[in-house]
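# Survey of secondary and tertiary structure
Each chain is listed here by its residues.
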Amino acid sequence: MNRVPDDGLVLVPGNSLITSTPEEGRALALTLARHTVHNIQPDLDILKGGRPNYSTDPDSIIRAAHVVAVEFATVAAANDYWRA
């Protein structure tokens with residue numbers, strides 16, 4: 001099996017949702033979403049094999065964006081929305 005490397009299977013990189021800025025929070029949200037997918041499907045060949053289907057389907061892209069938005073909302077709340 002062409003497996004995702006172990007560092008791609010960590011659910012919360014650095015074991016923290018705290019970031020300095022919203023930009024860093026958004027990047028963390030994308031990472032969390034990717035790591036979730038990798039944990040669900042760690043076989044890269046299978047994962048990449050489905051890419052032609054979902055990468056050209058607008059509904060799939062919107063659903064993926066929604067997952068990132070939910071992750072970002074979680075990160076933002078953990079950071080008290082970056083308010084001092």
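All figures in this text were calculated on a predicted structure; none of them were measured in a lab. (Residues numbered from 1 in each chain as written. Predicted model: local features only at pLDDT ≥ 70, side-chain atom pairs only at ≥ 80, totals over all residues. Heavy atoms only, no water.)

## So, the layout of surface pockets
Taken as a whole, the largest pocket encloses approximately 490 Å³ of empty space. Lining the largest pocket are 18 residues, and of these Ala-33, Arg-34, Val-37, Tyr-54 and Ala-64 sit closest to its centre. Going through the elements one at a time, helix H1 (22-40), helix H2 (44-49), helix H3 (51-54) and helix H4 (58-78) are the ones with two or more residues in the lining of the largest pocket. At 7 residues, H1 tops the list of elements feeding residues into the lining of the largest pocket. By residue class, the composition of the lining of the largest pocket is 11 nonpolar, 4 polar and 3 charged. (1 Å grid on protein atoms, 1.4 Å probe; cavity = no way out; pocket = protein on both sides within 12 Å on 5 of 7 lines; lining within 4 Å. Points joined across faces, edges and corners; volume = space filled by probe spheres on them. Helix = DSSP H or I, 4+ residues; strand = E, 2+ residues; numbered from the N terminus. Nonpolar A, V, L, I, M, F, W, Y, C, P; charged D, E, K, R; others polar.)

## Side note on the packing of H1 against H4
Relative orientation of the contacting elements H1 and H4 amounts to 125 degrees, with a least axis distance of 8 Å. Classified by the interaxial angle, the pair formed by H1 and H4 is oblique. In the crossing of H1 with H4, the sense of the turn from one axis to the other is right-handed. Contact residues: Pro-22, Gly-25, Arg-26, Leu-28, Ala-29, Leu-30, Leu-32, Ala-33 and Thr-36 in H1; Val-67, Val-68, Ala-69, Glu-71, Phe-72 and Val-75 in H4. Partitioned by chemical class, the residues of the contact of H1 with H4 number 11 nonpolar, 2 polar and 2 charged. (Axes fitted to C-alpha atoms, helices over the stretch in contact; angles between N-to-C directions. Parallel < 35°, antiparallel > 145°, perpendicular 65-115°, else oblique. Left-handed = near helix turned anticlockwise from the far one by under 90°. Contact = heavy atoms within 4.5 Å.)

## Here we look at the side chain of His-38
Following the sequence through the fold, His-38 ends up in helix H1. When sequence neighbours within four positions are dropped, the list of residues in contact with His-38 reads Val-4, Gly-8, Leu-9 and Leu-47.

## What about the pattern of salt bridges?
Here the structure, examined in full by the defined rule, presents 1 salt bridge. Of the charged contacts in the structure, one is a salt bridge between Arg-3 and Asp-6, with a shortest N-O distance of 2.8 Å. Taking the relative accessible area as the measure of exposure, Asp-6 reaches 56% and is therefore exposed. (Salt bridge = Lys/Arg side-chain N within 4 Å of Asp/Glu carboxyl O. Buried < 20%, exposed > 50% of the residue type's maximum accessible area, 1.4 Å probe, protein only.)

## Let's talk about the packing of aromatic side chains
Applying the stated criterion across every chain, the model contains 1 aromatic pair. Centroid distance Phe-72 to Trp-82: 5.8 Å. Interplanar angle 20 degrees. Geometry classified as stacked. Placement of Phe-72 in helix H4 and of Trp-82 in the segment after H4 is noted, with a sequence separation of 10 residues between them. Among the residues examined, Phe-72 registers a relative accessible area of 23% and is labelled partly exposed. One cation-aromatic arrangement involves Arg-26 over Phe-72; the distance from NZ or CZ to the ring centre is 5.7 Å. (Phe/Tyr/Trp six-rings, centres within 6.5 Å; stacked < 30°, edge-to-face > 60°. Lys NZ or Arg CZ within 6 Å of the ring centre and 35° of its normal.)

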